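Architecture and fold: a report
Residue-level listing of the chains:
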Amino acid sequence: WPADTPLEVMLGAVLTQNTSWANVEKAIKNLKQKRLLRLERLYGLSHKRLSWLIRPAGYYNLKAKRLKNLLAFLIASYRGDLKEMRRKRTGNLRRQLLSINGIGPETADSILLYALEKPVFVVDAYTKRIFLRHGFIKPDADYQELQGIFMRNLKKQVKLFNQYHALLVRLGKEFCLKRKPKCDICPLKEDK
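Everything quoted here is computed from the prediction, not taken from an experiment.

1. With respect to the overall build of the chain
Each helix and strand in the chain was counted, giving 11 helices and zero strands. What you see for the chain is a C-alpha radius of gyration of 18 Å, in line with the 16 Å of a compact globule of 192 residues. Summarising its shape, the C-alpha atoms of the chain cover approximately 60 × 35 × 30 Å along the three principal directions. Per-residue burial over the chain gives 40% buried out of 192 residues. Nonlocal contacts in the chain, meaning residues at least 24 apart in sequence, comprise 54% of its contacts between residues at least 6 apart. Total accessible area computed for the chain in this model is approximately 11300 Å², and 51% of it derives from carbon and sulfur atoms.

Below is the structure:
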């Protein structure tokens, strides 16, 4: 995950909802240029100011609200101490994150894996598309079902989950495209 701090990872996990990473980078760059990548500074910003700064990430009013919800949680539950947060049990942390308005399973799991270094596999649209096209899941498979495949069959290691997810993202971006997939040159293609 391209970020300098766990807080930046958390912000990126929210900002990347329904947008490309290139747009998230622009929003984070705005926050960095204003030296606002500190929990207290971000929390102290008005909704209007935060919205304006993250505008490149799209849905900026909604995402500003979601960021404020996350920041309020971090302050109320952990006094902003992410090291204390990291010491908590993964299951409890996941439930807490999912209770925050605007944080769904993919965002929560991205925070757990990439910011807090917890062994939780992140499922995204690339993962679902790849596994569906290769016949590993049915079209109606939900997040939990797909995540369970990885959690049951891989060693529960942060580095492994990080690497595996990164490889799936790369495969999805380069070969298993939403439109016009490159199945004939897919590295997963079985030779007949």
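2. Thoughts on the nonpolar core
Membership of the largest hydrophobic core comes to 57 residues, with the highest contact counts inside it found for M10, L42, L70, L74, M85 and L97. In contact with L74, other than residues within four places in its own chain, are L7, M10, L39, R79, G80, L82 and M85.

3. Concerning unusual backbone geometry
One non-glycine residue with positive phi stands out, namely Y59, at about 45 degrees. Following the sequence through the fold, Y59 ends up in the loop between α4 (47–53) and α5 (60–78). In this model, K180 sits at a positive phi of 60 degrees, which is unusual for a non-glycine residue. Its location among the elements puts K180 in the segment after α11 (158–174). Judged by its relative accessible area of 74%, K180 is exposed.

4. Focus on the packing of helix α1 (residues 6–15) against helix α2 (residues 21–33)
In contact at an axis separation of 10 Å, α1 and α2 are set at 135 degrees when each is read in the N-to-C sense. One way to sum up the angle between α1 and α2 is to call them oblique. For the pair α1 and α2, the crossing hand works out as right-handed. For the pair formed by α1 and α2, the contact residues are E8, L11, G12 and L15 on the first element and W21, V24, A27, I28, L31 and K32 on the second. Looking at the contact of α1 with α2, its residues break down into seven nonpolar, one polar and two charged.

5. Concerning the packing of aromatic side chains
Enumeration over the complete set of coordinates arrives at seven aromatic pairs. Aromatic pair F121 and F150: ring centres 3.9 Å apart, planes at 5 degrees, arrangement stacked. Separated by 29 residues along the polypeptide, F121 in the loop between α8 (105–115) and α9 (125–133) and F150 in helix α10 (residues 143–153) bring together distant segments of the chain. Residue classification places F121 among the buried positions, given a relative accessible area of 0%. Accessibility expressed as a relative area gives 2% for F150, which makes it buried.

6. Some thoughts on the side chain of Q17
Counting through the fold element by element, Q17 comes out in the loop between α1 and α2. Exposure remark for Q17: the relative accessible area of 11% places this residue in the buried category. In terms of polar contacts, Q17 uses its side chain to reach the backbone carbonyl oxygen of G102, at 3.1 Å. Excluding its chain neighbours within four sequence positions, the residues that come into contact with Q17 are K63, R66, G102 and T107.

7. Quick look at the environment of A115
When you line up the elements, A115 lands in helix α8. On the accessibility criterion, A115 (2% relative accessible area) is buried. Residues A115 and T5, spaced 110 residues apart in sequence, show a C-alpha to C-alpha distance of 7.6 Å. When sequence neighbours within four positions are dropped, the list of residues in contact with A115 reads P6, V9, M10, R86 and S110.

8. Looking at α2
Because each turn of an α-helix spans 3.6 residues, side chains separated by three or four positions in sequence point in the same direction. Between the first and last C-alpha of α2 there are 18 Å, a value that for 13 residues agrees with the 18 Å anticipated at 1.5 Å per step. Of all the residues in α2, the buried ones are V24, A27, I28 and L31. Angular distribution of buried residues about the axis of α2 spans 95 degrees; they occupy a single face of the element. Tucked into the core, α2 has its buried residues touching α1, α3 (39–44) and α4.

Conventions we followed
- Residues numbered from 1 in each chain as written.
- Predicted model: local features only at pLDDT ≥ 70, side-chain atom pairs only at ≥ 80, totals over all residues.
- Heavy atoms only, no water.
- Helix = DSSP H or I, 4+ residues; strand = E, 2+ residues; numbered from the N terminus.
- Rg over C-alpha atoms; globule rule 2.2 N^0.38 Å.
- Buried < 20%, exposed > 50% of the residue type's maximum accessible area, 1.4 Å probe, protein only.
- Contact = heavy atoms within 4.5 Å.
- Areas by Shrake-Rupley, 256 points an atom, 1.4 Å probe, with all protein chains shown as cover.
- Core = buried A, V, L, I, M, F, W, Y, C linked by side-chain atoms within 4.5 Å.
- Axes fitted to C-alpha atoms, helices over the stretch in contact; angles between N-to-C directions.
- Parallel < 35°, antiparallel > 145°, perpendicular 65-115°, else oblique.
- Left-handed = near helix turned anticlockwise from the far one by under 90°.
- Nonpolar A, V, L, I, M, F, W, Y, C, P; charged D, E, K, R; others polar.
- Phe/Tyr/Trp six-rings, centres within 6.5 Å; stacked < 30°, edge-to-face > 60°.
- Polar contact = N/O pair within 3.5 Å; in protein donor to acceptor, adjacent residues only side chain to side chain.
- Expected span 1.5 Å × (residues − 1).
- Arc of directions from axis to C-beta.

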